[in-house]
Amino acid sequence: MRSQLVTLFYRMLKLSRGWPFRSLYSGKVQILMFHRVVASKGENRIDNDGIEITEDYLDYLIRFYLKQGFSPLSINDLQTALNSKDKKRYVVFTFDDGYYDNYEKALPIFEKYNIPFAVYIPTDLISRKQFAWWYFIEDIIRDHSHLTYAYEGLEKTTGIETKEQKAAFFMELRKMIQKDPATLASLIERYKPNMDSYHNLFLNPAQLAVLAQHPLVTIGSHSVSHPSLANISNEASFNEIALSKTELEKMTGKKVKHFSYPFGTINDVGAREMDHAKKAGYLTAITTSYGDIHATTDLFNLPRIWTSEHNKETELLKSIFGINAYALRKAK
């Protein structure tokens, strides 16, 4: 009975184009958040497949938004769209981290529909000063039943035999690495990753320069080394935001006007970081907090919409019709 009522509810929502939720809770713009576009998700994964969507899903998602009457928008035109009096709704496509597949797999799909998108770059990943350690730890957790590592000056060994143990330890180990960089160093020393395989997941400087010249692409900054900006010193936080802009402008030969806060949650971004982004000369800055963009939304505290391969029509309708926004507001 309940499933029948839910089906009827969504049927009525589709017929009414989301009324009344849409008029009460939806914004004028939705900024969608992505990281990677892959041919397939693979098997025996632990956690990183959560930042991946397939080429087919990206194509489906674009067609969904077009069918629902959204106009694709460049992040460069966000403020103009918000100031306009038209009744249009807009969608902005954004990618964090600068993965090579944004160029290889995502770009041809956006070219197919002539849709703009933005790619936010942490410069240390492009210059190979950092590597995709989150994929490295996924690989070693998957391939071992025990891991030995250092944490806060002590050597530890953790058993990870079941899939559940591996998934839980991935999250735990990621937090340890963020808190104590020596943990990652100890894992690199013991398990000796093939660095090229992890470096090459990202654009190199030459590829970035080519991508930056494409008329559909806007390159934004995602900091220098991708730290939690609110959890480092004031000087370090500002330098991460400002120096990445300078470095990217040298790499691309183009002005960099937009910023994406690393991690981007309320624990990683505060008023200090927003002020730094303004002082560094950006025009907008995006978070990972969920939400639509309204005319009154702070341009340096822009929320985004995260979606995954599993979110098909019903879940997407919840987003564009304002049902998710209503549920979040009610939960508060």
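Above this text is the structure in question.
A separate point is the packing of aromatic side chains. For the coordinates displayed, the defined rule picks out 19 aromatic pairs. Ring centres 5.9 Å apart and planes at 35° place the aromatic pair Y57 and Y60 in the tilted group. With a gap of 3 residues between them, Y57 and Y60 both fall in helix α3 (residues 55-67), about one helical turn apart. Here the aromatic rings of F131 and F136 are separated by 6.0 Å at their centres, their planes lie at 50°, and the arrangement is tilted. Residue classification places F131 among the buried residues on the basis of a relative accessible area of 6%. Relative accessible area serves as the criterion here: at 1%, F136 is assigned to the buried category. Following the ring pairs from residue to residue traces out a cluster consisting of F34, F93, F95, F110 and F117.

Here we take up unusual backbone geometry. Excluding glycine, residues mostly have negative phi values, and the peptide bonds linking residues are mostly trans. Even without a glycine there, the phi angle at D97 is positive, about 95°. You can see D97 is positioned in the loop between β5 (89-96) and α5 (101-113). Assessed through its relative accessible area of 6%, D97 is described here as buried.

Bringing the packing of helix α11 (residues 205-212) against helix α12 (residues 234-252) into the picture now. At a closest axis distance of 8 Å, the pairing of α11 and α12 adopts a crossing angle of 80°. When the axes of α11 and α12 are compared, the pair comes out roughly perpendicular. For the pair α11 and α12, the contacting residues are L208, A209 and A212 in the first and L248, M251 and T252 in the second. Per-class residue counts for the contact of α11 with α12 are 5 nonpolar, 1 polar and no charged.

Moving on to the pattern of salt bridges. Overall, the coordinates contain 19 salt bridges when judged by the stated rule. Residue K112 is joined to D59 by a salt bridge in which the shortest nitrogen-to-oxygen separation is 2.9 Å. Linking K112 in helix α5 with D59 in helix α3, this pair joins segments that are 53 residues apart in sequence.

When we look at burial in helix α9 (residues 181-191), the residues that qualify are T183, L184, S186, L187 and Y191. Seen end-on, α9 carries its buried residues on one side only, within an arc spanning 160°. The exposed residues of α9 that point more than 90 degrees off its buried face are P181 and E189. Check the buried side of α9 and you find it contacts α7 (133-143), β7 (146-151) and α8 (163-179). One or two steps after α9, the chain reaches K192, where phi turns positive at roughly 40°.

Rules and cut-offs
- Residues numbered from 1 in each chain as written.
- Predicted model: local features only at pLDDT ≥ 70, side-chain atom pairs only at ≥ 80, totals over all residues.
- Heavy atoms only, no water.
- Phe/Tyr/Trp six-rings, centres within 6.5 Å; stacked < 30°, edge-to-face > 60°.
- Helix = DSSP H or I, 4+ residues; strand = E, 2+ residues; numbered from the N terminus.
- Buried < 20%, exposed > 50% of the residue type's maximum accessible area, 1.4 Å probe, protein only.
- Axes fitted to C-alpha atoms, helices over the stretch in contact; angles between N-to-C directions.
- Parallel < 35°, antiparallel > 145°, perpendicular 65-115°, else oblique.
- Contact = heavy atoms within 4.5 Å.
- Nonpolar A, V, L, I, M, F, W, Y, C, P; charged D, E, K, R; others polar.
- Salt bridge = Lys/Arg side-chain N within 4 Å of Asp/Glu carboxyl O.
- Arc of directions from axis to C-beta.

Everything listed here is a matter of coordinates, which is why it stays silent on function.
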